[in-house]
Structure formats: C-alpha cells, structure tokens
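Tertiary structure, described
Below, each chain spelled out in residue letters.
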Amino acid sequence: MLSSEAEIETAEWTDGSDVTKKRKQDAVAGVHDHQNGVEAHFVAPATPAQLELNSDNQSSEQKDSGTEIAKCLGPCCNEETILYQTREEALLAQTVIIYGSGRNKRERSFQASCSKADGAFSIEGFSNWKKALEKFADHERCQAHKEACIKFNAIMKQKSVDEQLKLVAQKEQIERRQMFLTLLSSLRYLLRQGLAVRGHGDDSEGNLSQLLKARAEDSIALQKWIKTGSYQSPEVLNELTNTIGAEVLREVLNGIKSSRWFSIIGDETRDISNSEQLSISIRWVDKDYSIHEDFIGMFKVPKTDAEMLSLAIEDVLVRCVLPISQCRGQAYDGASNMAGPKSGVAARILQRQPTAIPVHCLCHCINLCLQDVSRKCKCIRDALDLVYELVGLIKYSPKREHLFTQYQLQDSPNIHRLKPLCPTRWTCRTGSINAVIENYAVLQQTLEEIAETCRDEYGRKAAGFQALMGKFSTFFGLKLAHVVFGASEQLSTTLQSKDTTAQDARLAVNLCKAFYDRQRDASAFQIFYQAVLLEANGKTEPPTLPRYSNPPKRINDGDANFRFATAEHYHRREYFEIMESLSGELDARFDQKGFHLAALVEATILDNCSGKSYPIPKEVQDLYSKDLNIDRLQTQLSMLPDLVKSYVLEGKQITK
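Residues numbered from 1 in each chain as written. Predicted model: local features only at pLDDT ≥ 70, side-chain atom pairs only at ≥ 80, totals over all residues. Heavy atoms only, no water.

1. Considering the overall build of the chain
Convention followed: Each helix is a run of DSSP H or I of at least 4 residues and each strand a run of E of at least 2, with the numbering of both proceeding from the N terminus. Each residue is assigned to one of three classes by its accessible area relative to the maximum for its type, calculated with a 1.4 Å probe on protein chains only: buried under 20%, partly exposed between the two thresholds, exposed over 50%. Should any heavy atoms of two residues lie within 4.5 Å, those residues are considered in contact. In these tables, accessible area is a Shrake-Rupley quantity obtained with a 1.4 Å probe, and a residue counts as shielded only by the protein chains included in the view.
The helix and strand tally for the chain stands at 25 helices and twelve strands. Every one of the 656 residues in the chain was classed for burial, and the buried ones make up 38%. Sequence separation of at least 24 residues holds for 62% of the intrachain contacts in the chain that already meet a minimum separation of 6. For the chain, the accessible surface area stands at approximately 39600 Å², while carbon and sulfur atoms represent 52% of it.

Rendered as structure tokens:
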C-alpha cells in the first residue's frame with residue numbers, strides 16, 4: 001500500500017505509455033482492500049504490484065465518460081475486474097468494520113472524535129483531486145487521522161467473545177496437560193523406586209501427594225492444580241500404574257521377540273493374602289550376547305497342581321505373543337508338581353516342545369542338599385536351632401541387646417554383631433553361625449546375667465542355653481556347620497550370577513565336591529578336631545560321650561548296643577557321615593539330563609572355538625535337527641577358530 005508522496009511519484013504504471021498526472025491521481029483515489037473477511041475501505045492506494053491500469057482494453061463509452069478500469073492483481077480480488085471511482089465524484093472513507101453475517105452481523109466504528117477532524121475525510125467526502133497529494137500528506141499528520149488509526153488497530157487486535165473463550169480454553173488445556181505429565185513423572189519415580197503411592201487412609205499424606213507438593217513449591221500452576229484433585233483418585237492412579245506397567249512390559253517383550261529364542265523361569269509362592277502366586281521370568285540373549293533375565297509378572301492361580309501351572313504358563317506366553325515353539329529352556333524348583341518325570345510342569349511343556357530343556361534351579365539344588373544333610377546330622381541340626389534361638393533371645397529385646405553390646409565392647413569391640421538366620425536361603429547362614437562362634441564367650445556372659453536377673457521365661461531359656469553352650473558337642477557342631485555352609489555359600493554365589501555358563505556351574509560344583517571329598521580323610525579330621533579342641537579350651541567342658549539308654553525290649557533284637565570308646569570316635573562318626581552325605585547329595589542333585597545336554601552344547605562350541613575339531617554330538621543333532629542345518633553348522637564350527645583369532649587381533653572382547 002502506497003502511504004507517501006514519494007512512493008506514488010516513483011511508482012511505474014504502464015498502459016503502453018508513461019503514466020500521466022491524471023492517472024496517478026486516479027490510482028491514489030482507487031482503494032479496495034479485504035482483510036480476513038472484514039469489509040473496510042480506506043483512504044490509501046493499492047500497491048503498483050497489485051493494480052494495473054489498462055486503457056487499451058477499455059470500451060469507447062468508458063473512454064468518453066472518463067472512467068478508467070483498473071485490474072487488481074492482489075489476493076483480495078482474485079484477479080477480478082473492478083470499476084474504480086471516477087475522479088469527478090467525491091471519495092468518502094468508511095469508518096465502520098462489519099463482523100459476521102446474518103443475525104450475527106455487527107458493526108464497529110473507529111471514527112475519530114477530534115473536533116478538528118477534516119469533514120472531507122469523514123462526512124462530506126474528498127473531491128479536491130488537484131491537491132490530492134498535498135491534502136493526503138496533511139491528513140496523515142493531523143490528530144484525527146492518528147486517532148482513527150489507533151482506534152482501528154485496537155479494533156483489529158480485539159478478539160470476539162467466542163474467540164476469546166476458545167483461547168482461554170486452549171490455554172487451560174495446555175496447562176492441564178503439563179500438570180498431568182508432571183503427575184505421570186512423579187508416579188513413575190515412585191514406581192521405579194518401589195515406594196507406595198498412597199498413604200494410610202488419608203491420601204493427602206501419601207508419597208505421591210507429598211512429592212507433588214514439593215514440586216509445586218516452584219510452580220504456581222501446579223499448586224492450583226493440586227487443589228482441584230484431578231487425576232489423583234485411587235481408581236485413576238491404579239489405571240495409570242497399569243498403563244505404565246504395560247508399557248514397560250511391551251518394551252521388554254520387544255527385546256525378547258528380537259532375540260527369537262528364550263527360556264522360562266517359574267516358581268510358585270504364597271503372598272501375604274494367603275493366595276498362591278506364580279512368578280514367571282524370561283531369560284534371553286540380545287544381539288550383543290548379553291544375558292537378560294526379565295521379570296514378566298505374578299499370576300494368581302487357584303491351585304498349584306501340574307496341570308494348572310502348565311496352563312497358566314502357556315496362557316502367559318500366548319498373552320505375551322511368545323510362541324512356545326521358540327522356547328529352548330525351562331527352570332523350576334524340584335517339587336513334584338514342577339519336576340515330576342511323567343506329569344510335572346516340565347514334562348508337560350516338554351511334550352509340546354521337545355527342545356525346551358528342563359533344568360532344576362542350581363541354587364535350589366544347593367539348598368536342598370543342605371536341608372537333607374541337616375535333617376540327618378543331629379549335631380548340625382542342634383547347632384542351627386541354637387543359633388536361631390540365641391539370636392531371637394538377644395535381638396528382639398532392646399534391654400538384652402544393650403547388655404550384650406556392653407559385654408562385647410569390653411571383650412572385643414571389633415568382632416561381628418549377631419545376625420539372624422535366613423529362613424529360606426540356607427547358603428546365607430554362614431555369617432550367622434560365624435557371629436555366634438566369634439561372640440561365644442560374650443554370649444555366655446550375657447546369658448548368665450539374664451538368667452540371674454530375669455525371673456520370667458526368658459531367664460529360664462537363658463539358663464538352658466548357657467548350659468547347652470557349656471558342652472563341647474555344641475561348639476563342635478557350630479564349627480562343623482561353619483565348614484559345611486561356608487563351602488556351599490561360595491558355590492551358591494557362583495551359581496547365582498546370570499553370566500554363569502554351564503561349564504562354570506559344573507566346574508564350581510566339582511570344586512565344592514572335591515573340597516568335601518578332601519575332608520573325608522583321617523588326617524583332615526585330626527586337624528579339624530584338634531583346632532576345635534584348642535579353640536574350645538576355657539569356653540566349654542572337655543568332650544564327653546553322650547548318655548546311652550537301653551532300647552525297649554519289644555524292639556531289642558538281642559544284639560549288644562555299640563558303644564564308642566572315646567568322645568573323639570563319636571565325633572569322628574558325625575564328621576564323616578556329614579561329608580559323605582554332602583558328596584552323595586551333590587552327585588544326585590546335579591545329575592540332571594537337561595543340565596547335561598546344556599553343558600554338552602556349550603562344550604561343543606567352546607572346544608571348536610579353541611581349535612579342537614570335534615564332531616557335533618548325536619544328542620545335540622537329534623535335539624536341534626529341526627532348528628539347524630547340521631552340515632552347515634559343522635562347517636561354521638570348523639571356521640570358528642579363525643573368527644576368534646580375528647576378534648583377538650582387532651582387540652574385541654570374546655564373550656562366553
């Protein structure tokens with residue numbers, strides 16, 4: 001739009017010849033503008049790029065009447081031919097803006113209220129075309145024109161009521177969306193840390209409410225949103241929690257599906273509500289050969305027989321879109337419903353998928369070995385019972401624990417404190433047994449003090465424990481249990497690592513078994529027994545034989561009861577019985593067909609990797625004949641040493 005005399009003078013208008021003064025004046029007078037559906041006429045010319053006067057195409061009547069046709073090339077007129085006002089007529093600018101149409105039609109005036117306003121531009125109309133440029137310039141500098149421009153701009157900036165309501169609604173929606181994302185991030189933090197979301201009874205004191213209030217200290221909008229209580233009801237929070245859990249599970253399942261093969265880890269347990277729950281995890285290997293063990297969930301089952309558990313596992317695999325045909329391993333405990341050879345869960349899944357090798361959980365095997373040995377050996381059973389009762393007597397009373405601590409600080413402040421026995425993991429009981437052995441003298445002093453000062457049942461218990469700890473057999477049982485559980489704890493630590501291979505597990509089991517076999521020697525017993533005698537000196541009575549009782553006549557077969565000559569012979573028998581039982585239990589528990597097949601597959605790969613060309617065992621060929629091309633596999637195994645050598649030269653790490 002031309003707004004100054006200089007722009008009009010320098011404009012170029014073409015109709016086959018130079019533009020005359022008359023046409024310049026007509027161009028100044030011609031005004032036509034449409035902006036966003038608002039109808040308005042202003043005292044301002046169109047730009048040269050938007051107007052093109054063309055006298056060649058005019059009719060004779062139009063030339064005689066002095067009327068000129070101008071073609072507007074701007075977007076307002078869509079290139080339509082418009083008849084502009086002649087210079088003989090007066091031009092009056094409209095000072096009204098029209099909104100809408102029909103019933104919604106509204107008019108807004110922006111006429112200046114200044115008393116010195118020129119009537120030619122507001123009331124009478126402008127017709128002095130000879131002095132148009134001068135008058136236009138004077139009008140632009142006058143107060144009335146400036147006031148009209150200010151009013152017009154204010155009207156154009158002002159939104160309608162509907163549009164203002166819409167903008168407010170959009171702003172509130174954006175704020176609510178931001179606050180909702182803040183709630184989600186806070187909820188995700190609590191779920192990630194395993195913290196409770198709601199409080200006891202009053203949700204305003206829950207972790208989520210307090211976390212939002214802490215974050216609201218830096219946000220006024222969040223403070224207002226918290227007061228509304230939006231999206232904070234238990235139902236909504238439970239739904240959001242399930243949604244977040246489903247998204248996490250979806251990401252985990254995407255990784256499992258990309259690896260194709262997987263193994264199942266299952267175990268049943270009873271929760272605090274006395275309901276049976278089936279825990280399912282998936283073990284898989286990614287493209288970088290990193291091992292993953294991902295927890296899928298806990299699933300409530302009405303009963304724990306083999307049929308119900310196998311159906312539950314298959315249902316979970318279907319829901320997770322994990323075909324059972326891609327399952328290559330199973331790991332359960334040794335219960336009959338899980339590991340039954342004919343109708344257990346492992347046998348049922350093995351019937352549907354023969355390559356799903358079942359393996360009894362190796363850590364659970366160690367627990368079962370220790371349980372069986374403890375039941376058979378009286379001295380170890382009595383030692384574990386003593387540790388359990390002693391820790392309960394001292395730890396569960398602040399007064400008695402304070403008394404024990406005082407004696408401990410006087411005797412030896414650097415020794416370990418008492419630890420309770422782990423109720424489920426037998427291999428973690430070494431620390432508890434060792435703490436009792438180290439604090440043996442302190443415990444005797446504490447029990448004596450409790451027996452003298454307390455006149456209740458705890459005083460009587462303390463007196464009984466004091467008498468029991470004064471016997472050599474008790475101290476001997478504790479030392480023997482420490483040896484047995486110490487070796488098994490090292491084995492359990494190795495087996496619990498998710499990076500442990502079948503070869504590592506077998507090697508760790510063989511080392512543990514070799515240790516127990518090495519203890520089955522007369523010289524080993526003498527070393528152990530003399531060490532116990534030396535350490536028990538001053539703490540217990542000298543070793544004695546137990547009391548013998550004659551069996552009832554109804555069960556006496558007439559043979560004379562065997563009696564040991566000395567206490568050393570009696571403890572020798574207990575010692576060797578335990579070591580022989582441990583060796584036999586390890587052989588029985590770890591002699592599994594599935595574990596043997598897994599170790600055989602691993603040994604085949606490792607042997608060929610080291611350059612030893614071994615044929616693929618027949619058991620492996622029969623097991624994976626449908627999954628692998630055996631001939632191609634044999635060729636690839638023969639090339640495996642070269643591949644390993646190239647990795648070593650490139651400085652890459654070879655994973656097992």
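2. A few points about the confidence of the model for the chain
Stated formally: The quantity called pLDDT is the predictor's confidence in a given residue, expressed from 0 to 100.
With 77% of its residues at a pLDDT of 70 or more, the chain shows a mean pLDDT of 77. Note on residues 1-89: pLDDT under 50 across the span, and 127 contacts to partners over four residues away in sequence or across chains. With pLDDT under 50 throughout, residues 651-655 is counted as low confidence; its partners more than four residues away or in other chains account for five contacts.

3. Quick notes on the pattern of salt bridges
As a reminder, the rule being used: Basic side-chain nitrogens of Lys or Arg form a salt bridge, by our definition, when they fall within 4 Å of a carboxyl oxygen of Asp or Glu.
Enumeration according to the criterion identifies 22 salt bridges in this entry. A salt bridge links Arg-328 to Asp-627; the shortest N-O distance between them is 2.8 Å. Placement of the pair is Arg-328 in strand E11 (residues 327-332) and Asp-627 in the loop between helix H24 (618-623) and helix H25 (630-649), with a sequence separation of 299 residues. With its nearest N and O atoms 3.7 Å apart, the salt bridge here joins Asp-587 to Lys-513. Taken together, the residues Asp-587 in helix H22 (residues 567-589) and Lys-513 in helix H20 (residues 502-519) connect sequence positions 74 residues apart. Salt bridges here are not isolated pairs; linked through shared partners, they connect Asp-372, Arg-375, Lys-376, Glu-585 and Arg-589.

4. With respect to the pairing of E11
The cut-off we apply is this: One requirement defines pairing of two strands: DSSP has to find at least two bridges between them.
Burial analysis of E11 places five of its six residues in the buried class, the great majority of the element. Sheet topology places strand E8 (residues 262-270) next to E11; three bridges connect them, and they run parallel. Bridge pairing in E11 places Ile-264 opposite Gln-330.

5. Some words on the packing of aromatic side chains
To describe a pair of aromatic rings, one takes the distance between the centres and the angle between the planes. Note the cut-off: Stacked, tilted and edge-to-face are the three classes applied to pairs of Phe, Tyr and Trp rings, where Trp contributes its six-membered ring and a pair requires centres within 6.5 Å; stacked means planes under 30 degrees apart, edge-to-face means over 60, and tilted covers the rest. Criterion for a charge above a ring: Lys NZ or Arg CZ within 6 Å of the ring centre, and within 35 degrees of the ring normal.
In total, this model carries 14 aromatic pairs according to the counting rule given. With 5.0 Å between their ring centres and 85° between their planes, Tyr-440 and Phe-475 make a pair best called edge-to-face. One end of the pair, Tyr-440, is in helix H17 (residues 440-453); the other, Phe-475, is in helix H19 (residues 472-496), and 35 residues separate them in sequence. Both residues of the pair, Tyr-440 and Phe-475, count as buried. Arranged with centres 5.5 Å apart and planes meeting at 25°, the rings of Phe-525 and Tyr-529 form a pair that is stacked. Here the residue Phe-525 and the residue Tyr-529 both occupy positions in helix H21 (residues 522-536), the gap between them amounting to four residues, near one helical turn. Residue class for Tyr-529 comes out buried when judged on its relative accessible area of 3%. The structure contains a cluster of three or more aromatic residues connected by ring pairs, namely Phe-472, Phe-476, Phe-525, Phe-528, Tyr-529, Tyr-575 and Phe-576. Here Arg-400 stacks its cationic end above the ring of Tyr-458, 4.5 Å away from the centre of that ring.

6. As for the sheet that holds strand E10 (residues 291-300)
Formally: Axes here mean lines fitted to C-alpha atoms, for a helix over just the part in contact, with angles spanning 0 to 180 degrees between N-to-C directions.
Pairing within the open sheet is mixed, and its five strands lie in the order E10-E9-E8-E11-E12. Of all the strands in the sheet, the pair left with one neighbour each is E10 and strand E12 (357-360). Looking at each pair of strands side by side, their axes are set apart by 20° on average, direction ignored. Running over the sheet, helix H10 (residues 306-319) touches E8, strand E9 (276-285), E10 and E11 and is turned about 50° from E9.

7. Topic: H22
Formally: A helix is expected to reach a length of 1.5 Å times the quantity of its residues less one.
Taking 1.5 Å per residue as the helical rise, H22 with its 23 residues ought to reach 33 Å, and the 33 Å between its terminal C-alpha atoms agrees with that figure. Listing the buried residues of H22 in full gives Ala-567, Tyr-570, His-571, Glu-574, Tyr-575, Phe-576, Ile-578, Met-579, Leu-582, Ser-583, Glu-585 and Leu-586. Tucked inside the fold, the buried residues of H22 contact helix H13 (362-376), helix H14 (378-395), H19, H20 and H21.

8. Thoughts on the nonpolar core
Across soluble globular proteins, nonpolar side chains show a tendency to be buried alongside one another. Applicable threshold: In these notes, a set of buried Ala, Val, Leu, Ile, Met, Phe, Trp, Tyr and Cys residues joined through side-chain atoms within 4.5 Å is what counts as a nonpolar core.
Judged by nonpolar contacts, the single largest core of 67 residues is most densely connected at Ile-380 and Ile-578. Tallying contributions element by element places H19 first for this core, with eleven residues. One finds Ile-280, Trp-284, Cys-327 and Val-345 within the second-largest nonpolar core, a separate group that totals 26 residues.

9. Some remarks on H20
Threshold: Directions are taken from the helix axis to each C-beta atom, and the arc is the one they span.
Here H20 contains 18 residues, and its C-alpha end-to-end distance of 26 Å stays within 8% of the 26 Å for a straight helix at 1.5 Å per residue. Three or more residues of H20 are buried, namely Ala-502, Ala-505, Ala-508, Val-509, Cys-512, Lys-513, Tyr-516 and Gln-519. One side of H20 holds all its buried residues, which, seen down the axis, span an arc of 135°. Exposed side chains of H20 directed beyond 90 degrees from the buried face belong to Leu-511 and Arg-518.

10. Thoughts on the side chain of Glu-574
Applied cut-off: Charged-residue counts in this description rest on Lys and Arg as positive and Asp and Glu as negative, His and the chain ends being excluded.
Structurally, Glu-574 can be placed in helix H22. Buried charged residue Glu-574 carries no salt bridge. Nearest counter-charge: Arg-573, at 5.2 Å. Other than its neighbours up to four places away in sequence, Glu-574 contacts Cys-379 and Phe-476.

11. So, unusual backbone geometry
Backbone geometry at Arg-260 places phi at a positive 75°, although glycine is not the residue there. Within the secondary structure layout, Arg-260 lies in the loop between helix H9 (234-259) and E8. Even without glycine at this site, Asn-274 takes up a positive phi of about 65°. Tracing the backbone through its elements, the reader meets Asn-274 in the loop between E8 and E9.

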